[in-house]
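Reading the structure
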Amino acid sequence: TGLMTGQVADLLTAQGTAQRVRALCTEYGARPEDCGAVGDGHSDVAMFGAVGCSVALNGVPEARQAAGHSLRTQNMMDVLAVIHGFIRQGAAKPV
């Protein structure tokens, strides 16, 4: 539906997040370096290393250190600003 509901579809392990990103990239024909990921915990660290734009949102210290960007906010528009900057840099290529 294109809405963020907060519902968890699958609980993934640390390596599972990175594997899921790679699988989605293959499925959609996208390069991982052209993709972004948002996370907050230990299990997101590997995923952050698998994408071009990573955002730790209210993350634990390990996530903040691993991510390219770290935000402490309740406003999802702040995350969109980071992603928009990534796109404007020309880092992401359209699929």
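Structure's up top.
Residues numbered from 1 in each chain as written. Predicted model: local features only at pLDDT ≥ 70, side-chain atom pairs only at ≥ 80, totals over all residues. Heavy atoms only, no water.

Another point: the overall build of the protein chain. If you tally the helices and strands in the protein chain, you get 4 helices and 3 strands. Traced from its N-terminal end to its C-terminal end, the protein chain shows the element sequence α-β-α-β-α-β-α. Out of the 95 residues belonging to the protein chain, those deemed buried represent 32%. Relative to all contacts within the protein chain whose residues are 6 or more apart in sequence, the contacts with residues 24 or more apart total 30%. About 6,400 Å² of surface is accessible on the protein chain, with carbon and sulfur atoms providing 55% of the total. (Helix = DSSP H or I, 4+ residues; strand = E, 2+ residues; numbered from the N terminus. Buried < 20%, exposed > 50% of the residue type's maximum accessible area, 1.4 Å probe, protein only. Contact = heavy atoms within 4.5 Å. Areas by Shrake-Rupley, 256 points an atom, 1.4 Å probe, with all protein chains shown as cover.)

The next point concerns a nonpolar patch on the surface. The grouping of Val-38, Met-77, Leu-80, Ile-83 and Ile-87 at the surface amounts to a nonpolar patch, some 430 Å² of accessible area in total. No other element matches helix H4 (residues 76-88), which puts 4 residues into the nonpolar patch. When you line up the elements, Ile-83 lands in helix H4. (Patch = residues over 30% accessible without salt bridge, like charges linked within 9 Å, V, L, I, M, F, W, Y side chains within 5 Å. Salt bridge = Lys/Arg side-chain N within 4 Å of Asp/Glu carboxyl O.)

Further remarks concern H4. Within an α-helix, residues lying three or four positions from one another point in the same direction, as the helix has 3.6 residues per turn. The terminal C-alpha atoms of H4 lie 18 Å apart, and with 13 residues this matches the ideal 18 Å at 1.5 Å per residue to within 8%. Of all the positions in H4, only Val-79, Val-82 and Phe-86 are classed as buried. Viewed end-on, H4 has its buried residues packed into an arc of 60°, placing them on one side of the element. More than 90 degrees from the buried face of H4, the exposed residues found are Met-77 and Arg-88. Residues of H4 that are buried sit in contact with strand S1 (36-39), strand S2 (53-57) and strand S3 (69-71). Regarding H4, its N-cap is Asn-75, as a side-chain oxygen of that residue lies 2.8 Å from the backbone nitrogen of Met-77 further along. In the segment just after H4, Gly-90 is the residue with positive phi, at about 85°. (Expected span 1.5 Å × (residues − 1). Arc of directions from axis to C-beta. Polar contact = N/O pair within 3.5 Å; in protein donor to acceptor, adjacent residues only side chain to side chain.)

This is a description of form; function is not addressed.
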